[in-house]
Amino acid sequence: MSFDISSIVARYLNSCKLHEVLPNAALLSELYKASMQKKVQQRRTLLVSLDELEDVDMSPLVDVLLKIHLFDVDAVDVLCTSPLAVKQESVVSLVRAVNSTLRTVDLQDMLFKKEILWDLFQSGLNCQSLKLRSTEIQKLNMVGSFMQLDTLNLDFCSSLTNLERDCFACMPKLMRLSICGTRIADLWTTRAALTRLPSLTELRFQNCICCKDTGPCLASSNGAGSPASVGNLFSTYGFKRINQDSLNDSADKVSNHFEGILSSDPSFVAKSGRADLQHEVSFGDFHVQERDDCPEDINLKLRDRSVVSKMYLSCHPSPICFEKYYREYIIASLPHLEVLDNFPIRKLDRELANTVFSQYYEYLPYKRQRKENVASVLHMRETGRGNVYHSKSSRIKEAVSCRKSPYFYSRSLCAAKLGSSASPSLHILSNISNNIKEGSGSLRPRQFEYHPTNPSLMAFGTLDGEVVVVNHDAGNTFSYIPLFGVTNSILGLCWLNKNPFKLLAGSDNGSLRLYDINDTSPKSETSYSSSSPAVFEKFEQLTSLHVNSTDDQFVTSGYSKKVAIYDICSGERLHLFSDMHQEPINVAKFAHHSPNLLATSSFDRDVKLWDLRQMPNRPCYTASSSRGNVMVCFSPDDLYLLVSAVDNEVKQLLSVDGRLQTDFRIASTGSAHNYTRSYYMNGRDYVISGSSDESIVRICCAQTGRRLRDYYLEDRALESPILVQSLRSDPFRHFHMAVLASYMRPSSRRDIIKVTLLESGQYGDKDSMSKDCCNPYGYGG
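Residues numbered from 1 in each chain as written. Predicted model: local features only at pLDDT ≥ 70, side-chain atom pairs only at ≥ 80, totals over all residues. Heavy atoms only, no water.

**Re the overall build of the chain**
Thought 1: From N to C terminus, the chain includes 14 helices and 49 strands.
Thought 2: The buried share among the 781 residues of the chain stands at 57%.
Thought 3: Pairs at least 24 residues apart make up 58% of the contacts formed inside the chain by residues separated by at least 6 positions.
Thought 4: Split by element, the accessible area of the chain, about 32800 Å² in all, is 49% carbon and sulfur. (Helix = DSSP H or I, 4+ residues; strand = E, 2+ residues; numbered from the N terminus. Buried < 20%, exposed > 50% of the residue type's maximum accessible area, 1.4 Å probe, protein only. Contact = heavy atoms within 4.5 Å. Areas by Shrake-Rupley, 256 points an atom, 1.4 Å probe, with all protein chains shown as cover.)

**Observations concerning the UniProt feature "repeat: WD" (unreviewed entry) in the chain**
Thought 1: Taking the numbering used here, the UniProt-annotated feature "repeat: WD" (unreviewed entry) corresponds to residues 578–613.
Thought 2: The annotated region residues 578–613 carries 0% helix and 50% strand content, and the separation between its end C-alpha atoms amounts to 18 Å. (UniProt positions renumbered as here; feature names shortened; annotations may be inferred.)

**As for the side chain of Ser644**
Thought 1: Looking at where Ser644 falls in the secondary structure, it is placed in strand 39 (residues 640–645).
Thought 2: Under the relative-accessibility criterion, Ser644 is labelled buried at 0%.
Thought 3: In terms of polar contacts, Ser644 uses its side chain to reach the side chain of Ser678, at 2.9 Å.
Thought 4: Excluding its chain neighbours within four sequence positions, the residues that come into contact with Ser644 are Asn629, Val630, Met631, Glu649, Val650, Thr676, Arg677 and Ser678. (Polar contact = N/O pair within 3.5 Å; in protein donor to acceptor, adjacent residues only side chain to side chain.)

**A look at the sheet that holds strand 31 (residues 553–558)**
Thought 1: Here we have 4 strands laid out as an open sheet, ordered 30-31-32-33, and antiparallel in their pairing. Whereas interior strands pair on both sides, the edge strands pair on one side only; in this sheet they are strand 30 (542–547) and strand 33 (573–577). In this sheet, neighbouring strand axes are inclined to one another by 15° on average, regardless of whether the strands run parallel or antiparallel. (Pairing = 2+ DSSP bridges. Axes fitted to C-alpha atoms, helices over the stretch in contact; angles between N-to-C directions.)

**Focus on the pattern of salt bridges**
Thought 1: Taken as a whole, this structure holds 24 salt bridges when the rule is applied.
Thought 2: The residue Arg706 makes a salt bridge to Glu362 at a minimum N-O spacing of 4.0 Å. Taken together, the residues Arg706 in the loop between strand 44 (696–701) and strand 45 (707–712) and Glu362 in the loop between helix 12 (347–360) and helix 13 (374–383) connect sequence positions 344 residues apart.
Thought 3: Exposure remark for Arg706: the relative accessible area of 15% places this residue in the buried category.
Thought 4: By relative accessible area, which is 5% here, Glu362 ends up buried.
Thought 5: The closest approach of N and O atoms between Asp464 and Arg444, which form a salt bridge, is 2.4 Å. With Asp464 in the loop between strand 21 (457–462) and strand 22 (467–471) and Arg444 in the loop between strand 19 (424–428) and strand 20 (445–450), this pair connects stretches of sequence that are 20 residues apart. Each member of the pair, Asp464 together with Arg444, is buried.
Thought 6: Through salt bridges with shared partners, one network takes in Asp473, Asp730, Arg733 and Lys754. (Salt bridge = Lys/Arg side-chain N within 4 Å of Asp/Glu carboxyl O.)

**Focus: the pairing of strand 26 (residues 512–516)**
Thought 1: When strand 25 (residues 502–507) meets strand 26, the two strands line up antiparallel, connected through 5 bridges. In the strand pairing of strand 26, Leu504 is matched with Leu514.
Thought 2: Counted between consecutive antiparallel strands, the loop separating strand 25 from strand 26 contains 4 residues, among which Gly510 sits at a positive phi close to 95°.
Thought 3: Alignment of strand 26 against strand 29 (residues 534–536), held across 3 bridges, turns out to be antiparallel. Paired with Leu514 across the bridge in strand 29 is Ala534.

**Brief notes about the packing of aromatic side chains**
How two aromatic rings sit relative to each other is given by the distance of their centres and the angle of their planes.
Thought 1: Enumeration according to the criterion identifies 15 aromatic pairs in this entry.
Thought 2: Seen from their ring centres, Phe554 and Tyr566 are 4.8 Å apart, and the 5° between their planes marks the pair as stacked. Residue Phe554 is found in strand 31, and its partner Tyr566 is found in strand 32 (residues 563–567); the two are separated by 12 residues along the sequence.
Thought 3: Taking the centre distance of 5.6 Å and the plane angle of 50° together, the rings of Tyr686 and Phe735 count as tilted. In this pair, Tyr686 sits in strand 43 (residues 686–691) while Phe735 sits in the loop between strand 47 (720–729) and strand 48 (736–743), placing the two residues 49 residues apart along the sequence.
Thought 4: On the basis of relative accessible area, Tyr686 is assigned to the buried category, the value being 1%.
Thought 5: Given the relative accessible area of 0%, Phe735 is considered buried.
Thought 6: Grouped by ring-pair contacts, the aromatic residues Trp188, Tyr329, Phe357 and Tyr361 constitute a single cluster.
Thought 7: Above the plane of the ring of Phe408 lies Arg368, whose end atom (NZ or CZ) is 5.2 Å from the centre.
Thought 8: Sitting over the ring of Tyr743, Arg749 keeps its end group 4.2 Å from the ring centre. (Phe/Tyr/Trp six-rings, centres within 6.5 Å; stacked < 30°, edge-to-face > 60°. Lys NZ or Arg CZ within 6 Å of the ring centre and 35° of its normal.)

**A closer look at the confidence of the model for the chain**
Thought 1: Overall, the predicted model of the chain reaches an average pLDDT of 80, with 77% of residues at or above 70.
Thought 2: Note that pLDDT drops below 50 for residues 223–310; the model gives that stretch 177 contacts with residues more than four away or on any other chain.
Thought 3: Per-residue pLDDT stays below 50 along residues 763–778; that stretch engages in 61 contacts with residues further than four places along the chain or on separate chains. (pLDDT = per-residue confidence, 0-100.)

**Notes on the pairing of strand 2 (residues 75–79)**
Thought 1: Across the 5 residues that make up strand 2, a large majority, 4, are buried.
Thought 2: Relative to strand 2, strand 1 (residues 45–49) is paired through 5 bridges, and the arrangement is parallel. Paired with Thr45 across the two strands is Ala75, which belongs to strand 2.
Thought 3: Sheet analysis places strand 2 next to strand 3 (residues 102–107), joined by 4 bridges and oriented parallel. Note that in strand 3 the partner of Val78 across the bridge is Val105.

**Some details on unusual backbone geometry**
Thought 1: For His316, which is not glycine, the phi dihedral falls at a positive 55°.
Thought 2: When you line up the elements, His316 lands in the loop between strand 14 (312–315) and helix 11 (326–333).
Thought 3: For Asp647, which is not glycine, the phi dihedral falls at a positive 65°.
Thought 4: Of note, Asp647 is situated in the loop between strand 39 and strand 40 (649–654).

**A few points about the sheet that holds strand 23 (residues 476–481)**
Thought 1: With antiparallel pairing, the 4 strands of this open sheet are ordered in space as 20-21-22-23. Only two strands of the sheet have a single partner each, and these edge strands are strand 20 and strand 23. Each adjacent strand pair in this sheet contributes to an overall mean axis angle of 20°, direction not counted.
Thought 2: Strand direction decides the pairing type here: strand 20 and strand 21, joined by 5 bridges, are antiparallel. The partner of Gln447 across the bridge, within strand 21, is Gly461.

**Describing the packing of helix 11 against helix 12**
Two measures define how a pair of helices packs: the angle their axes make with one another and the distance between the axes.
Thought 1: For the pair helix 11 and helix 12, the least separation of the axes is 8 Å and the interaxial angle reads 105°. The angle between the axes of helix 11 and helix 12 places the two elements in the roughly perpendicular class. Within the contact between the two elements, helix 11 uses Glu328, Tyr329, Ile331, Ala332 and Ser333 and helix 12 uses Asp349, Arg350, Ala353, Asn354, Val356 and Phe357.
Thought 2: Its residues assigned to classes, the contact of helix 11 with helix 12 comprises 6 nonpolar, 2 polar and 3 charged. (Parallel < 35°, antiparallel > 145°, perpendicular 65-115°, else oblique. Nonpolar A, V, L, I, M, F, W, Y, C, P; charged D, E, K, R; others polar.)

**Structural notes on the packing of helix 4 (residues 88–98) against helix 5 (residues 114–123)**
Thought 1: Where helix 4 meets helix 5, the axes come as close as 10 Å, and the angle between the chain directions of the two elements is 15°. Between helix 4 and helix 5, the crossing angle belongs to the class labelled roughly parallel. The chirality of how helix 4 crosses helix 5 is right-handed. Contacts between helix 4 and helix 5 involve Gln88, Glu89, Val92 and Arg96 from the former and Ile116, Asp119, Leu120 and Ser123 from the latter.
Thought 2: The class makeup of the residues in the contact of helix 4 with helix 5 is 3 nonpolar, 2 polar and 3 charged. (Left-handed = near helix turned anticlockwise from the far one by under 90°.)

**Some words on helix 4**
Note that an α-helix has 3.6 residues per turn; residues three or four places apart therefore point the same way.
Thought 1: Along helix 4, 8 of the 11 residues are buried, which leaves the element largely enclosed by surrounding structure.
Thought 2: Buried residues along helix 4 sit in contact with strand 1, helix 3 (55–65), strand 2, strand 3 and helix 5.
Thought 3: Looking one or two residues past helix 4, Asn99 carries a phi angle of roughly 60°, positive in sign.

Okay, structure coming up:
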């Protein structure tokens, strides 16, 4: 039984009398307006404007709304258009009191506290439309019940960096989602979250200049984004009218002008600096260069004309919009989506998006097309069955082809695990050894290497000249070698192959020492010391060293044009070559299986292969990059050379003659000091790549160049990116790696972070986010 709405006015007045407060005139006016709506329309809507309320008004209002379902009211809208004069806790109580009658909640101008947001997201709301704007939202984790929600607007939540996998799990009716002006950048975690929305049809990460809602732009609907309709839009916003030929010509010119900008990845934009790469990162709106014929604050963005209109005017883009093939990736990932960034998705758009996706991305490792259950893969392995699917069902049927490869089942397991893990498990490793150093100082890693035969061991050198060997599985220290003499950074580390408990270390002052990590004796309860190491003649300005496959020689290179070859047994320097390159040689590497083949990479843009059996007066061949080379390495079978040049230029060459095999086409940032390093993973199946000015680890198929995943590293405690100074893949475990990470100011700390791509998780040690470390440098491997 319901009462006439005039009864709610009486209830409100009685409640005001009970709480001894004067009735709010604005609220009374809204109540009377609602009572008059029945005469002119079917639905009665009560508008509660928080702008007109004070704290004393909240208690009687909540009392009334708790019984709103008894009155003749169809919907209640709660709006806030200016800074609040009431407590946030009272606002939350108010919207929850309305319950099933709640329709719209617009709190875009409310400055939320973290605890209020947490409570709101955990408990949920029963509204149909929710608009929030808060700088306190860093990750979206709306796990509460939002069963009636069909529209969610989180525009300009400028601290929001990623979407948790299950953040939309309780929103089965959500059809419209807008997240413009945020810091969301990762295609893969975003996809994992959005696929949990079965009803999603309209999505925005940037908005068309003339659109306020998520629906299709009227300009694009009238002519499907043709140049004529775009010309009308130009006229609407003060452009002079131009004919179609002129517009086409202008579009071509602008497209050429901005080609470099739009193919880049400015999700994290850092300033340049040679000695100090830790810079503040700009996450504001990304606008192209100002033009005289464009309105102020318009971001002119051009897309592939086959998928999007010839000219597309957008504003407030999130960083994800600057990912190459962003639109195609989202369209291919969300088959039910109808509108993206106010632009309708046509049948042709979807067909071309699927083509682009299959050409540039891998859905799952090793070209797996379907997600599988780990238990099913294990069952197949035991019963000798394959994973061939029926065309109309997902039932697994027997197949003779299941034994094509000895790696079939291990690759299937990796694909199954990676498919269920949107975010990797991260564990800080270097704090294992922080308790062994004398005094209050902490260890500051600068270089690290996995052990070649023991899966549990890893060595790292520090900025202070120490060498530490840790058991990264057990979480303890195996050996600690304190610095000798003057403090210098360890830039080169290499395990011997045939004597794997011997470790060669080189520092930036040129010191070269060979340690036996088994030859240690306790110095105290918490630290260790080593017996005297073998010492070699200094190599000035060292940045890299590497041992050949037979353990009889090692090579050094550095920030000079010289390369030296040493005899490990005698300790003598055999050769000193000074004319191999025209610029410093940052990295020199021996082949894995031939003790005489040597590759060098230089900032003169050349990579050269040398055969030491022929005195290196001339290389076997020279391959060139468009930028200075940071490093080079052989594939585990020596069939390929992986070359990394400054600012994400990564290529794979045939080692026999230097011909290009794979160009990974990673977008550049424009920084001349964005030092890129790349290594093989899972043997030579995949390539991992990271750069010193970015917080992204990219994983690509080594043979096709297709992108499998990007992983973004961020210090959530300080809300700042974690820059990738170096990285290595685990030689014993597929899809495991470690990253030498540098934190942005104010912490300026360094860590080695173990990354397990096959498991979901976050940082293992939250308290360690505040320790200090030194500034990173761009040299060495």
